[in-house]
Amino acid sequence: MSDCIFCKILAGELPSWKVYEDDYALAILDINPASKGHTLVISKRHYPHMNDFPEQEYLAFMASLRKVVKGMKKYTEALNILENDGKDAGQLVPHVHFHVIPRRPGDGLQIDLWRAQHDPDLDKVQKTIQSLLNE
Ligand code: AMP
Ligand code: ZN
């Protein structure tokens, strides 16, 4: 995609702080890190969302992500590993990428920001999601 910032980085048209690359993923430092070492694992092919991947390519990308995670575990013991999928989920760049965010004792970083709520509808929600997942 010509107007995609990550495609431009992949094409070498924009600079980046590359830390890892293989056939399916490019890992770079986030330009505005949430913590020191915040790394983005970017799909080599332009897919806006996780469910756009063909199955085999998805599995290969997951293997690349795991490889980065394994390495990053030597950098810090604790990591948040997350993907924002969709605008309402905070996805700013519609080209699949995982955030690997190093965590340190007492860093005060607030990633797990949701407020847990009581849901009286768990039975109903279970039925709805269960049937969607088993279609
Ligand atoms: P998301 O909100 O999940 O789409 O995250 C997009 C991330 O890309 C943000 O954390 C940005 O700081 C990061 N980002 C945007 N432009 C660049 C860039 N040129 N190089 C590295 N990271 C970037
Ligand atoms: Zn792209």
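Preceding block: the structure.
1. Side note on the packing of aromatic side chains
The description of an aromatic ring pair rests on the distance of the ring centres and on the angle between the ring planes.
Thought 1: Within this structure, the stated rule accounts for four aromatic pairs.
Thought 2: Residues Y47 and F53 carry aromatic rings whose centres are separated by 4.6 Å and whose planes lie at 50° to one another, so their mutual orientation is tilted. In terms of burial, Y47 and F53 fall into one category: buried.
Thought 3: Members of the aromatic cluster, connected to one another through ring pairs, are Y47, F53, Y58, F61 and F98.

2. A look at the coordination of the zinc ion (ligand 2)
Thought 1: With distances of 2.0 to 2.3 Å, the protein atoms coordinating the zinc ion (ligand 2) are C4 (SG), C7 (SG), H46 (ND1) and H95 (ND1).
Thought 2: Around the zinc ion (ligand 2), the four donor atoms are arranged such that angles at the metal cover 103 to 117°; this shape is classified as tetrahedral.
Thought 3: Sequence positions of the donors to the zinc ion (ligand 2) reduce to the motif C-x2-C-x38-H-x48-H.
Thought 4: In this structure C4 comes out as buried when scored by relative accessible area, which is 5%.
Thought 5: Judged by its relative accessible area of 16%, C7 falls in the buried class.

3. A word on the sheet that holds strand β2 (residues 25–29)
Thought 1: Strand order across the open sheet formed by five strands is β1-β2-β3-β5-β4, with antiparallel pairing between neighbours. Each edge of the open sheet carries a strand with a single partner, namely β1 (18–21) and β4 (78–82). Strand after strand, the sheet turns through a mean of 20° between neighbouring axes, direction not considered.

4. Here we look at the nonpolar core
Thought 1: With 15 residues, the main nonpolar core has V41, F53, F61, L65, V96, F98 and V100 as its most contacted residues.
Thought 2: Of all the elements in the fold, those that place two or more residues in this core are β2, α2 (55–72) and β5 (97–103).
Thought 3: It is α2 that contributes the most residues to this core, five residues altogether.
Thought 4: In this structure, V41 is in contact with A25, L26, A27, F61, L65, V68, V96, H97, F98 and V100, ignoring residues within four places of it in sequence.

5. With respect to the pattern of salt bridges
Thought 1: With the rule as written, the count across this model stands at four salt bridges.
Thought 2: K18 is the salt-bridge partner of E21, the closest N and O atoms lying 2.7 Å from each other.
Thought 3: Classification of E21 as partly exposed rests on a relative accessible area of 38%.
Thought 4: A salt bridge links E57 to R45, with the shortest nitrogen-to-oxygen separation between them at 3.4 Å. One end of the pair, E57, is in helix α2; the other, R45, is in the loop between β3 (39–43) and α2, with 12 residues separating them in the sequence.

Reading guide: rules and limits
Residues numbered from 1 in each chain as written. Chains lettered and ligands numbered in written order. Predicted model: local features only at pLDDT ≥ 70, side-chain atom pairs only at ≥ 80, totals over all residues. Heavy atoms only, no water. Phe/Tyr/Trp six-rings, centres within 6.5 Å; stacked < 30°, edge-to-face > 60°. Buried < 20%, exposed > 50% of the residue type's maximum accessible area, 1.4 Å probe, protein only. Donors = N, O, S within 2.8 Å, 3.2 Å for Na, K, Ca; no water. Tetrahedral: all angles 85-135°; square planar, octahedral: opposite > 155°, others 65-115°. Pairing = 2+ DSSP bridges. Helix = DSSP H or I, 4+ residues; strand = E, 2+ residues; numbered from the N terminus. Axes fitted to C-alpha atoms, helices over the stretch in contact; angles between N-to-C directions. Core = buried A, V, L, I, M, F, W, Y, C linked by side-chain atoms within 4.5 Å. Contact = heavy atoms within 4.5 Å. Salt bridge = Lys/Arg side-chain N within 4 Å of Asp/Glu carboxyl O.

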